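Observations on the three-dimensional arrangement
As a plain string of letters, each chain reads:
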Amino acid sequence: MGLNDKQVKKNKNFFQSLFHALSGIYSLVSTERNFRKHIVMAVIAVLLGIWLQLTVNEWLWITLAIFVVVVAEVLNTVVESIVDLIVGPHYHKEAKKAKDVAAGGVLIAAFFAVVIGCLIFIPELMQEFNVQF
Ligand SMILES: Nc1ncnc2c1ncn2[C@@H]1O[C@H](COP(=O)(O)OP(=O)(O)OP(=O)(O)O)[C@@H](O)[C@H]1O
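Residues numbered from 1 in each chain as written. Predicted model: local features only at pLDDT ≥ 70, side-chain atom pairs only at ≥ 80, totals over all residues.

In the annotation of an unreviewed UniProt entry, the entry for the chain reads Diacylglycerol kinase family protein, and the organism field reads Secundilactobacillus hailunensis. Per UniProt, the chain carries the Subcellular location (unreviewed entry) text "Cell membrane". The Sequence similarities (unreviewed entry) comment attached to the chain in UniProt states, word for word, "Belongs to the bacterial diacylglycerol kinase family." (UniProt positions renumbered as here; feature names shortened; annotations may be inferred.)

Written out as structure tokens, the structure is:
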């Protein structure tokens, strides 16, 4: 079972569905370099948040920012795989559009995360180090 199995029929039970979902996440982590970079950034944000003792409200925003980027990366990978499956190594205008738009979605999500990170961490860090304007 997993990415290398040849199953094409519907999953028989919850555990089979779960196994395939987990192997999808493994595939994402092992093949997508940008996804790994985003995970590293998310881990840094979480560690910083623990150190700065963020409030529940601040954690909600940080969690949202992380998940928006993860979901955008998932969609980008799905689009890339489907486009490659359909057009293969051939150039196609619509394939370019689909991949570029999906990559643009990741960029927008990452920008959102940076804005959230700045709004939350900059004031907290300034307070921690007694920096005033
Ligand atoms: N079949 C194709 N037809 C036309 N343009 C394509 C095709 N495949 C890729 N491209 C162009 O090359 C770019 C890179 O495609 P690729 O499949 O390598 O994505 P990627 O670099 O893996 O994306 P990411 O940076 O998100 O990992 C696309 O954004 C698109 O502009």
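Residues in contact with the ligand, as listed here, are Asn34, Asn76, Glu80, Val87, Tyr91, His92, Ala95, Lys96, Lys99, Asp100 and Ala103. Sorting the residues of the shell around the ligand by element identifies helix 3 (56-87) and helix 4 (93-128) as the ones contributing at least two each. For the shell around the ligand, the leading source of residues is helix 4, giving five residues. Class assignment for the residues of the shell around the ligand results in four nonpolar, three polar and four charged. (Near = placed C-beta within 6 Å. Helix = DSSP H or I, 4+ residues; strand = E, 2+ residues; numbered from the N terminus. Nonpolar A, V, L, I, M, F, W, Y, C, P; charged D, E, K, R; others polar.)

Before going further, it helps to spend a moment on the domain arrangement of the chain. Structurally, the chain comprises domain 1 (1-31) and domain 2 (33-128). With centres defined by C-alpha atoms, the gap from domain 1 to domain 2 works out at 24 Å. (Domains from an automatic or database assignment.)

Between the first and last C-alpha of helix 2 (residues 33-52) there are 29 Å, a value that for 20 residues agrees with the 28 Å anticipated at 1.5 Å per step. Looking at helix 2, one finds that the buried residues are Phe35, His38 and Ala45. Burial along helix 2 is one-sided: seen end-on, the buried residues are contained in an arc of 80°. Of the exposed residues in helix 2, those oriented more than 90 degrees away from the buried face are Arg33, Lys37, Val40, Val43, Ile44, Leu47, Ile50 and Trp51. Buried residues belonging to helix 2 abut helix 1 (14-31), helix 3 and helix 4. (Expected span 1.5 Å × (residues − 1). Buried ≥ 20, exposed ≤ 12 C-beta atoms within 10 Å, placed from the backbone. Arc of directions from axis to C-beta. Contact = placed C-beta atoms within 7 Å.)

This paragraph deals with unusual backbone geometry. Even without glycine at this site, Gln53 takes up a positive phi of about 50°. If you trace the backbone, Gln53 turns up in the loop between helix 2 and helix 3. By C-beta crowding, Gln53 is classed as exposed, having 9 other C-beta atoms within 10 Å. Residues other than glycine seldom take positive phi values, yet Asn130 does so here, at roughly 50°. Note that Asn130 resides in the segment after helix 4. On the basis of neighbour counts, which here come to 6 C-beta atoms within 10 Å, the residue Asn130 falls in the exposed class.

For the rest of this paragraph, the subject is the packing of helix 2 against helix 3. The relative placement of two packed helices comes down to the angle between their axes together with the axis-to-axis distance. Relative orientation of the contacting elements helix 2 and helix 3 amounts to 175°, with a least axis distance of 10 Å. When the axis of helix 2 is compared with that of helix 3, the two are roughly antiparallel. Seen from helix 2, the contacting residues are Asn34, Phe35, His38, Ala42, Ala45 and Gly49; seen from helix 3, they are Trp59, Ile62, Ile66, Val69 and Glu73. Class assignment of the residues belonging to the contact of helix 2 with helix 3 gives a composition of seven nonpolar, three polar and one charged. (Axes fitted to C-alpha atoms, helices over the stretch in contact; angles between N-to-C directions. Parallel < 35°, antiparallel > 145°, perpendicular 65-115°, else oblique.)

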